[in-house]
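Survey of secondary and tertiary structure
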Amino acid sequence: MEAPPLRRYDVRVSVGEDGPVLIQYGKAFTLNALGLEIWKRCDGKTSIADIGAAIAQTYAADAELVQADTAEFVATLRTRGLVAPAPY
Amino acid sequence: MHSEIFPVSMLTDIGSRIVTGTHTDAAIAYISGSLVEGYGNETSDLDIYVIYENPTPEQSQSGRSDLYAIETDFVGELRTDTEIWSLKWLTGLADRISGWQPMDWAGAQSFENRDLDLAHRLRIGLPILGGDRFQALRERFDWQRLAGIIMLKRFLAYTGAAEDAIGSVDAGRPLAAMLHSRDALGYAVDALLAAHGNTNPKPKWRESKLADLADDTLTRLYTEAELDCSSEPDDLTAGARRRLSVASGIAAEALAVALEA
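Residues numbered from 1 in each chain as written. Chains lettered and ligands numbered in written order. Predicted model: local features only at pLDDT ≥ 70, side-chain atom pairs only at ≥ 80, totals over all residues. Heavy atoms only, no water.

All right, on to the overall build of chain B then. Of the regular secondary structure elements, chain B holds 11 helices and 5 strands. Along the first, second and third principal axes, the C-alpha atoms of chain B reach 60 × 40 × 35 Å. A total of 261 residues make up chain B; the buried ones form 53% of that total. Partitioning the intrachain contacts of chain B with sequence separation of at least 6 by distance along the chain shows that 69% fall at a separation of at least 24. In chain B, which carries 24 positive and 40 negative side-chain charges, the distance between the mean positions of the two groups comes to 3 Å. (Helix = DSSP H or I, 4+ residues; strand = E, 2+ residues; numbered from the N terminus. Buried < 20%, exposed > 50% of the residue type's maximum accessible area, 1.4 Å probe, protein only. Contact = heavy atoms within 4.5 Å. Lys, Arg positive; Asp, Glu negative; His and termini not counted. Charge placed at Lys NZ, Arg CZ, Asp CG, Glu CD.)

We now examine the side chain of Asp117 of chain B. Relative to the elements of secondary structure, Asp117 of chain B occurs in helix α5 (residues 113-124). Those residues in contact with Asp117 of chain B that sit more than four places away from it in its chain are Pro201 and Lys202 of chain B.

Should the pLDDT be low somewhere, the predicted coordinates at that spot are not to be read in detail. Mean pLDDT for chain B: 91, with 93% of residues reaching 70 or above. For this predicted complex, the interface score ipTM comes out at 0.94, while the overall pTM is 0.92. (pLDDT = per-residue confidence, 0-100.)

This part covers the pairing of strand β4 (residues 27-30) of chain A. Residues and elements named next belong to chain A. Taken together, the 4 bridges between strand β3 (residues 19-24) and β4 define a ladder with antiparallel strand orientation. Paired with Val21 across the two strands is Thr30, which belongs to β4. Where β3 hands over to β4, the hairpin turn is made up of 2 residues, of which Tyr25 adopts a positive phi near 50°. (Pairing = 2+ DSSP bridges.)

Turning next to the nonpolar core. If you look at the biggest cluster of nonpolar residues, it comprises 81 residues, and the most contacted ones within it are Val13, Leu22, Trp39 and Leu77 of chain A together with Phe141 and Met151 of chain B. The element contributing the most residues to this core is helix α7 (residues 143-170) of chain B, with 13 residues. When near neighbours in sequence (up to four residues on either side) are disregarded, Leu22 of chain A contacts Val11, Arg12, Val13, Lys27, Ala28, Phe29, Leu31, Trp39, Leu77 and Leu82 of chain A. Counting residues in hydrophobic clusters, the runner-up holds 18 residues, among them Phe6, Leu11, Val19 and Ile31 of chain B. (Core = buried A, V, L, I, M, F, W, Y, C linked by side-chain atoms within 4.5 Å.)

Under the counting rule described, the total for this entry stands at 21 salt bridges over all chains. Across the pair Asp142 of chain B and Arg145 of chain B runs a salt bridge whose closest N-O atoms are separated by 3.5 Å. Overall, the relative accessible area of 22% leaves Arg145 of chain B in the partly exposed class. Connected through shared salt-bridge partners, Glu37, Lys40 and Arg41 of chain A together with Glu253 of chain B make up one network. (Salt bridge = Lys/Arg side-chain N within 4 Å of Asp/Glu carboxyl O.)

In the structure shown here, the tally under the stated rule is 7 aromatic pairs over all chains. Taking 5.2 Å as the distance between ring centres and 5° as the angle between the ring planes, the aromatic pair formed by Phe141 of chain B and Trp143 of chain B counts as stacked. Here Phe141 of chain B matches Trp143 of chain B in class, with each residue buried. Of note, Arg96 of chain B hangs over the ring of Phe111 of chain B, and the distance from its end group to the ring centre comes to 4.3 Å. The residue whose ring lies beneath Arg241 of chain B is Tyr9 of chain A, and the NZ or CZ to ring-centre distance is 5.0 Å. (Phe/Tyr/Trp six-rings, centres within 6.5 Å; stacked < 30°, edge-to-face > 60°. Lys NZ or Arg CZ within 6 Å of the ring centre and 35° of its normal.)

Another aspect to go through is the packing of helix α2 (residues 48-58) of chain A against helix α3 (residues 63-79) of chain A. Pairs of packed helices are described in terms of their axes, by the angle between the two and the distance that separates them. All names here are of chain A. The geometry of α2 relative to α3 is characterised by a closest axis approach of 8 Å and an angle of 130° between their N-to-C directions. Classified by the angle their axes make, α2 and α3 are oblique. Here α2 and α3 pass one another in a crossing that is right-handed. Contacts from Ile48, Ala49, Ile51, Gly52, Ala53, Ile55 and Ala56 of α2 reach α3 at Ala63, Val66, Gln67, Thr70, Ala71, Val74 and Arg78. Among the residues making up the contact of α2 with α3, the classes are represented as 10 nonpolar, 3 polar and 1 charged. (Axes fitted to C-alpha atoms, helices over the stretch in contact; angles between N-to-C directions. Parallel < 35°, antiparallel > 145°, perpendicular 65-115°, else oblique. Left-handed = near helix turned anticlockwise from the far one by under 90°. Nonpolar A, V, L, I, M, F, W, Y, C, P; charged D, E, K, R; others polar.)

Time to look at the environment of Ile28 of chain B. Residue and element names in this part refer to chain B. Within the fold, Ile28 resides in strand β1 (residues 28-32). The exposure class of Ile28 is buried, given its relative accessible area of 0%. Distance in space between the C-alpha atoms of Ile28 and Phe134 is 6.0 Å, their sequence separation being 106 residues. Discounting chain neighbours no more than four positions away, the residues touching Ile28 are Tyr49, Val50, Ile51, Leu87, Leu129, Gly130, Arg133, Phe134 and Leu137.

Listed by partner, the interface residues are 24 residues for chain B and 17 residues for chain A. For the pair chain B and chain A, the summed buried surface comes to about 1700 Å²; carbon and sulfur atoms form 62% of the total. Among the residues chain B hides against chain A, the three largest losses belong to Ile166, Arg241 and Ser245 of chain B. Together they make up 26% of the total. In this structure, the connection of chain B to chain A is made through 2 salt bridges. Here Glu253 of chain B and Lys40 of chain A are joined by a salt bridge, their closest N and O atoms 2.5 Å apart. Where chain B packs against chain A, one counts 6 residue pairs in polar contact (both at pLDDT 80 or more). For the side of chain B that touches chain A, the elements supplying multiple residues, two or more each, are α7 and α11 (233-260) of chain B. (Buried area = accessible area lost by both parts, 1.4 Å probe. Polar contact = N/O pair within 3.5 Å; in protein donor to acceptor, adjacent residues only side chain to side chain.)

Written out as structure tokens, the structure reads:
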């Protein structure tokens, strides 16, 4: 099982022309509404499954669909080095 | 919410005595500040606001066009600060706030903290003179927009402090990292509080504002993130990293709440 994703210390939340963005050393990564919801739950303790379940419950959305989107988004965050592999 | 230290009837009585003795021509007067809001303690003062339709030049002692004078007095051990303002300035401030467009970052930055505090103090004020006009003036303010302006200002403060903290961590400056990361965390919390509608712009009441929000999870998260294990450089740096990570999550929450509103 993958470790719960943890927001890296060197990533700031900001706002760009198209909405919320993550900034890491001058590089911007645009977030949509779902991305923002996932980001705020990446506390290093909550599993990807629990993040997806919480969002699906909050927005009364299709749980399976949200789970898949969450897993895909977290994978992108990992690829881009925006979430840390281990707790601080 | 009012002070448990000084009964509200006592505060309004003190305010009324000061105003009726020296400001008989005022259009509006009200008491406000931390004691009225319920945040104050025994060392807090009572703030009295006196609003004149047309302040005379004699009342213009502060050398400013908007704030006419500040008078300090003591009633027993309670200090009172009386500020005299023109009605025109306050109605102008109300119109500026109403004219601000949600999520206008540059517009939010154009408001001074002092003016935001003045508006908030009107919101929580209790009238002691000119009750009807006080009510009309208060209804002229858009409190949701005031909260939105404060949210954006604190959010921008978060991004600036976080940038400084990240730079300090990477430069191997643990003490600076600790200080800047604490600022970033505090501003992120303030942004979230404002996103939920709190219009008190002063960080010094953060603990009281968190208590008002009654979000135990947020309060615990904030408290734990503020702590450091020790003053050892490695612990300070680890604490700063942890704090920045938490601040980023809280800032994201603030943004999500603001965008939804």
